[in-house]
Amino acid sequence: MPSKQRKIAMMGYRSVGKSSLIIQFVEGQFVDSYDPTIENTFTKFIRLNSTEYEVKLVDTAGQDEYSIFPLQYSMDFHGYVLVYSITSSKSFQIVQIIYDKLLDMVGKIHVPIVLVGNKTDLHLERKISTEEGKRLAEKWKAAFVETSAKRNESVTDMFHAILSEIERSDGHMPEK
Ligand code: GDP
Ligand code: MG
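This one's a predicted model, so the numbers in the text were calculated from it and none came from an experiment.

Details of the pairing of strand S2 (residues 41-48)
Part 1: Looking at chain direction, S2 and strand S3 (residues 51-59) are connected through eight bridges and run antiparallel. What sits directly across from isoleucine 46, in S3, is tyrosine 53.
Part 2: Between the end of S2 and the start of S3, which pair antiparallel, lie two residues, with asparagine 49 showing a positive phi angle near 50°.

Thoughts on the packing of helix H1 (residues 18-27) against helix H4 (residues 155-168)
Part 1: Where H1 contacts H4, the two axes come as close as 9 Å, and the packing angle between them is 95°. In terms of orientation, H1 lies roughly perpendicular with respect to H4. Listed contacts from H4 to Leu21, Ile22, Gln24 and Phe25 of H1 are Val155, Thr156, Met158 and Phe159.
Part 2: Considering only residue class, the contact of H1 with H4 consists of six nonpolar, two polar and no charged.

Comments concerning the layout of surface pockets
Part 1: In this model, the largest pocket occupies a volume close to 470 Å³.
Part 2: If you go around the largest pocket, you meet 23 residues; those closest to its centre are Ser15, Val16, Gly17, Ser20 and Lys119.
Part 3: Of all the elements, H1 adds the most residues to the lining of the largest pocket, at three residues.
Part 4: When grouped by side-chain class, the residues that make up the lining of the largest pocket number eight nonpolar, eight polar and seven charged.

Quick look at the environment of valine 145
Part 1: By secondary structure assignment, the location of valine 145 is in strand S6 (residues 143-146).
Part 2: Residue class for valine 145 comes out buried when judged on its relative accessible area of 12%.
Part 3: Linking valine 145 and methionine 158, residues 13 residues apart in sequence, is a C-alpha distance of 6.0 Å.

Considerations on the pattern of salt bridges
Part 1: Inspection of every chain in the model, using the stated rule, returns nine salt bridges.
Part 2: Note that glutamate 65 is salt-bridged to lysine 90, the shortest N-O span being 2.7 Å. Taken together, the positions of glutamate 65 in the loop between S3 and strand S4 (79-85) and lysine 90 in helix H2 (residues 89-106) put the pair 25 residues apart, joining distant regions of the chain.
Part 3: Since its relative accessible area comes to 27%, glutamate 65 is described here as partly exposed.
Part 4: With relative accessibility at 31%, the residue lysine 90 sits in the partly exposed group.
Part 5: Between lysine 134 and glutamate 131 there is a salt bridge, and its shortest N-O distance comes to 3.9 Å. One end of the pair is lysine 134 and the other is glutamate 131, both in helix H3 (residues 130-140) and three residues apart, which spans about a single turn.
Part 6: You can call lysine 134 partly exposed: its relative accessible area is 37%.
Part 7: Sharing partners across several salt bridges, the network here consists of Lys4, Arg6 and Glu167.

Regarding the packing of aromatic side chains
Part 1: As enumerated under the stated definition, the model contains five aromatic pairs in all.
Part 2: Seen in terms of ring centroids, phenylalanine 25 and phenylalanine 159 are 4.2 Å apart; in terms of plane orientation they differ by 20°. Their pairing is stacked. Here phenylalanine 25, found in helix H1, pairs with phenylalanine 159, found in helix H4; they are 134 residues apart in sequence, far enough to count as distant. Across the pair, exposure class does not vary: phenylalanine 25 and phenylalanine 159 are buried alike.
Part 3: Geometrically, the ring pair formed by phenylalanine 77 and tyrosine 80 is tilted, given 5.9 Å between the ring centres and 35° between the ring planes.
Part 4: Among the aromatic residues, those joined into a cluster by ring pairs are Tyr73, Phe77 and Tyr80.
Part 5: Between the NZ or CZ atom of lysine 7 and the centre of the ring of phenylalanine 77, over which it lies, the distance is 4.7 Å.

Definitions and cut-offs
- Residues numbered from 1 in each chain as written.
- Chains lettered and ligands numbered in written order.
- Predicted model: local features only at pLDDT ≥ 70, side-chain atom pairs only at ≥ 80, totals over all residues.
- Heavy atoms only, no water.
- Pairing = 2+ DSSP bridges.
- Helix = DSSP H or I, 4+ residues; strand = E, 2+ residues; numbered from the N terminus.
- Axes fitted to C-alpha atoms, helices over the stretch in contact; angles between N-to-C directions.
- Parallel < 35°, antiparallel > 145°, perpendicular 65-115°, else oblique.
- Contact = heavy atoms within 4.5 Å.
- Nonpolar A, V, L, I, M, F, W, Y, C, P; charged D, E, K, R; others polar.
- 1 Å grid on protein atoms, 1.4 Å probe; cavity = no way out; pocket = protein on both sides within 12 Å on 5 of 7 lines; lining within 4 Å.
- Points joined across faces, edges and corners; volume = space filled by probe spheres on them.
- Buried < 20%, exposed > 50% of the residue type's maximum accessible area, 1.4 Å probe, protein only.
- Salt bridge = Lys/Arg side-chain N within 4 Å of Asp/Glu carboxyl O.
- Phe/Tyr/Trp six-rings, centres within 6.5 Å; stacked < 30°, edge-to-face > 60°.
- Lys NZ or Arg CZ within 6 Å of the ring centre and 35° of its normal.

Printed below as a string of structure tokens:
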């Protein structure tokens, strides 16, 4: 059977760990400083629930409250990973802004999304509780995972979660 192709965008405020999560998942290593301006696409083949997937992960340079939602990210994507850092309230506000813009742009009520609270290893600097993250994801009807790219905690779970979310919505591209 040919593998199912899945294209996923990683979005979120700068410095939350978008690139680190992808590199940990694809290459199995933690890179301490990765050029924040690079927008790369990474490919990984994975097997999940006896299905073979070719996963294309599109890293973005990051968004802020002033960013216009990039038109190219509103098309051709099966799902979105919205990342904040549990150490940054600002990054938690930004995912909500990105979410609103995303829904406006995609023009569809249900978009496969996983909300990710990264940097759980920095528990002393935690600003956003697990409950707050969960509550936001429930409001969105999205999946929720807390991760540490640094310690490789729940990174695989998080990418499996977005594939499951896409599967639930049947893997169709959003209709315009
Ligand atoms: P991006 O701008 O969202 O792509 O963020 P990066 O992946 O470049 O990470 C920004 C900074 O946070 C870098 O210094 C990373 O090493 C660090 N970082 C990323 N993930 C984690 C994590 O899980 N724990 C800790 N302690 N640092 C992290
Ligand atoms: Mg980056």
